[in-house]
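# What the coordinates show
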Amino acid sequence: MRVEIHGHRGARGLWPENTLPGLSRTMELGVHALELDVALTADRRLVLTHDLTVSAVTSADTRPLTPGDPHYPYVGKPINSLSYAQLRTLEVGVRLPRHPDDPFALTQVAMPETRMPTLGAVLGLVNAYDAEGVRLHVELKSDPTRPELTADPDLFTEMVVDELDRHGRLDNAALLSFDWRILGHAARLAPGTRRFALIERDTLHWHGCLGEDIPAAAREAGGTTLSPEHVMVDEKLMAQAAAAGLDVAVWTVNDVALAGRMLDLGVAGIVTDYPDRMRELWRERGLALPDPVGPLRPVGV
């Protein structure tokens, strides 16, 4: 039986989320998939960020890009209102003192002088590790109820697909979104790439009236895997997903006992901030562990 460990935002319980050093260490720890988030900047660069506005919890201003920049400070501003150069001035690897809303202050290792990367930089990193055994799960951050903050879903999807294709990763990647418009477009552009229909109770209304069978609706929208918040997972949902022909990857599970219950229900993957904890559970259960990746492949080899 293969059940996967997916490192959420890399492994944000251990290292700063959506960063190159955090993703590196997560691969070296060993996961089946690296999950990360992307959004589009004002100058159409694909950058790693979970939030559509610059988060004060994960980011800190260091300086304006140019003296007197009217957009400064950048924290709190929409991602799509800032250039990549402006976003690169942010510190995203350490927040000292820790922000009072930071849920990972006690477990996350600070990584000073870390900057927000592009999706292309991440793909280069994964290829430098020669990490063919690690699938890249790219969540496209899109909110149809906030169009002023959100990229055009068709353009956004095309840009992500093109970037994955340019790096030879389309066959070893997955596209994820709460905005199912993206799944439908991805199905047309890259039918062989996995597509995760993300669901939570707060965003189900984005898709109109879904009826009682959410997995069937997700499949109709273009999903190939259902990815629900753990509070939604029960025997009924699992049976509906099986009838729709969809695997279930549950998020975000950090408690080992809860993870055990999810495994007992038959999920195919667990998205976690703490893949180290899940690896211990996998060992206890006799499940196949993902191999650690590394060291970096020498340049030119």
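One can find the structure itself at the top, above this paragraph.
So, a few notes on the structure that sits alongside this text. (Residues numbered from 1 in each chain as written. Predicted model: local features only at pLDDT ≥ 70, side-chain atom pairs only at ≥ 80, totals over all residues. Heavy atoms only, no water.)

Position of Ile182 relative to the elements: it lies in helix α5 (residues 180–189). Taking the C-alpha atoms as reference points, Ile182 and Leu140, 42 residues apart in sequence, are found 7.9 Å from one another. Beyond its immediate stretch of four places on either side in the chain, Ile182 contacts Leu140, Ser142, Pro153, Phe156, Thr157 and Ser177. (Helix = DSSP H or I, 4+ residues; strand = E, 2+ residues; numbered from the N terminus. Contact = heavy atoms within 4.5 Å.)

This brings us to the side chain of Asp179. Mapped onto the secondary structure, Asp179 falls in the loop between β5 (173–177) and α5. Within the structure, Asp179 has its side chain in polar contact with the side chain of Arg181 (distance 2.7 Å). (Polar contact = N/O pair within 3.5 Å; in protein donor to acceptor, adjacent residues only side chain to side chain.)

This brings us to empty space enclosed by the protein. Following the criterion strictly, the structure yields 1 cavity of 30 Å³ or more and no others. The volume enclosed by the largest cavity comes to roughly 130 Å³. The residue makeup of the lining of the largest cavity, split by class, is 5 nonpolar, 7 polar and 3 charged. (1 Å grid on protein atoms, 1.4 Å probe; cavity = no way out; pocket = protein on both sides within 12 Å on 5 of 7 lines; lining within 4 Å. Points joined across faces, edges and corners; volume = space filled by probe spheres on them. Nonpolar A, V, L, I, M, F, W, Y, C, P; charged D, E, K, R; others polar.)

Here we take up the pairing of strand β4 (residues 135–140). Most of β4 is tucked away, with 6 of its 6 residues classed as buried. By the alternation rule, side chains of β4 split into Arg135, His137 and Glu139 and Leu136, Val138 and Leu140, which are all buried. Pairing analysis gives 6 bridges linking strand β2 (residues 33–40) to β4, with the strands arranged parallel. Bridging from a neighbouring strand, Ala33 pairs with Arg135 of β4. Where β4 and β5 come together, 4 bridges link them in parallel fashion. Within the sheet, the bridge partner assigned to His137 lies in β5 and is Ala174. For the handedness criterion, the β-α-β arrangement of β4, helix α4 (residues 153–166) and β5 is classed as right-handed. (Buried < 20%, exposed > 50% of the residue type's maximum accessible area, 1.4 Å probe, protein only. Pairing = 2+ DSSP bridges. Right-handed = clockwise from strand over helix to strand, strands pointing away.)

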